[in-house]
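# Notes for the structure review
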Amino acid sequence: MTSADLVVQVFRKLEVEDFRILNVIEVALSKREFVPREQIQRYAKVPMDRVDFVLSKLHKLGLIHHTKGVSVGYTLNYAGYDCLAINAFVKSGVISSFGQTIGVGKEADVYTALTPMGETVAVKFHRLGRVSFRQTRRKRGYICEHSSWLFQSRLAAEKEFQSLLLAYEKGVSVPRPLSYSRHAIVMGIIEGGELSKWRRLVNPRCVLKEILCNMRRAYLKACVVHGDLSEYNIILQSDMHVLIIDWPQCVSVDHLNAVELLRRDIQNVLTFFNRRFEVEVDAEFAYDYVTGKIGNIVF
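Keep in mind that what you see is a predicted model, and the values were worked out from it rather than measured.

With that settled, the discussion passes to the sheet that holds strand E12 (residues 242–244). The strand order E9-E11-E12 describes an open sheet built from three strands, whose pairing is antiparallel. Every interior strand has two partners, whereas the edge strands, strand E9 (193–194) and E12, have only one. Of the strand pairs in this sheet, strand E11 (residues 234–236) and E12 are connected by three bridges, and their pairing is antiparallel. Bridge assignment links leucine 236 to a residue of E12, and that residue is valine 242.

Next up, the structure:
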């Protein structure tokens, strides 16, 4: 069971006081790894017996951890963080109910949800820490060496939401960004399958051209580079149009490594199409198209 699955079960059991204590712990974690119960009581401004009751409840529900010994301290886990994010979305009228799992990956979980108007949307929870810290920091330059996994995931969500917003406004085919809170993003529903799962395409050249066209639009109009593009984060929808997902490693075109990352993105895509569909396109030619050095692409 993932932490979000746990949250679905326990969310309705939480009361205002519970969220208040979770919020206090969240804020205090910016300065320490574990928060003493005395500090929780001081900031929550409720009697200590109520603090102890709520902390016991939250611990039994699996939303917090605590240290044992002379001094007792509390910290959030991903399930507790999920509750805070979902509560923020519900209170702001972004979602009204939680749905099923769309996908579970190394660094994120994605679920369906419903808006108050009945629209199906996707909720993505960043979960850094499933891969090694060294690999995470290497891939994501904005990660601080001593920051917690929760804070790292929050940074990833904020960065991806801003990247999605910029790309979407410039016409790049990405999920429609709706809102974000903490480590979670609400976006338009993601329908279709990863390109990596498609064994046959009626017109693979047309699909490749659309991918390169979106990369060009991202580069020339949104002034960003995806930074981690491959067949695993390109969704092919039922109408055979593409949707490019997973943007937390996006960089601006004036970033020090932008050219290197763009060339790698292009090579990843071309290598896949050559290997899977025997479509061969020169990488330099594709790079010149994406960066606007040539005006059209014919292959």
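Still more to cover.
Here we take up the sheet that holds strand E2 (residues 64–66). Within the open sheet, the three strands sit side by side as E1-E3-E2. Their pairing is antiparallel. Strands at the two margins of the open sheet, each flanked by one partner only, are strand E1 (35–36) and E2. In this sheet, strand E3 (residues 73–76) lies alongside E1 in antiparallel orientation, the contact comprising two bridges. Its bridge partner being in E3, valine 35 is matched across the sheet by tyrosine 74. Running over the sheet, helix H4 (residues 48–60) touches E2 and E3 and is turned about 110 degrees from E2.

Attention now goes to the pattern of salt bridges. Under the definition given, this model contains 13 salt bridges. Residue glutamate 17 pairs with arginine 50 through a salt bridge whose shortest N-O separation is 2.6 Å. Taken together, the residues glutamate 17 in helix H2 (residues 16–28) and arginine 50 in helix H4 connect sequence positions 33 residues apart. The salt bridge involving arginine 37 is made with aspartate 52; its shortest N-O contact spans 2.7 Å. Taken together, the residues arginine 37 in helix H3 (residues 37–44) and aspartate 52 in helix H4 connect sequence positions 15 residues apart. On the basis of relative accessibility, which here comes to 31%, the residue aspartate 52 falls in the partly exposed class. One network of salt bridges, in which partners are shared, links Glu26, Arg154 and Arg182.

Bringing unusual backbone geometry into the picture now. Of note, arginine 182 is a non-glycine position whose phi angle comes to about 55 degrees, a positive value. Among the structural elements, arginine 182 can be located in the loop between strand E7 (177–181) and strand E8 (184–188). Residue methionine 240 is not a glycine yet carries a positive backbone phi of 70 degrees. Judged by its relative accessible area of 32%, methionine 240 is partly exposed.

Moving on to the pairing of E7. As paired elements, E7 and E8 share four bridges and run antiparallel to each other. Bridge pairing in E8 links serine 181 to alanine 184. Connecting E7 to the next strand, E8, in antiparallel fashion are two residues, including arginine 182 with a positive phi near 55 degrees.

Reading the values: the criteria
- Residues numbered from 1 in each chain as written.
- Predicted model: local features only at pLDDT ≥ 70, side-chain atom pairs only at ≥ 80, totals over all residues.
- Heavy atoms only, no water.
- Pairing = 2+ DSSP bridges.
- Helix = DSSP H or I, 4+ residues; strand = E, 2+ residues; numbered from the N terminus.
- Contact = heavy atoms within 4.5 Å.
- Axes fitted to C-alpha atoms, helices over the stretch in contact; angles between N-to-C directions.
- Salt bridge = Lys/Arg side-chain N within 4 Å of Asp/Glu carboxyl O.
- Buried < 20%, exposed > 50% of the residue type's maximum accessible area, 1.4 Å probe, protein only.

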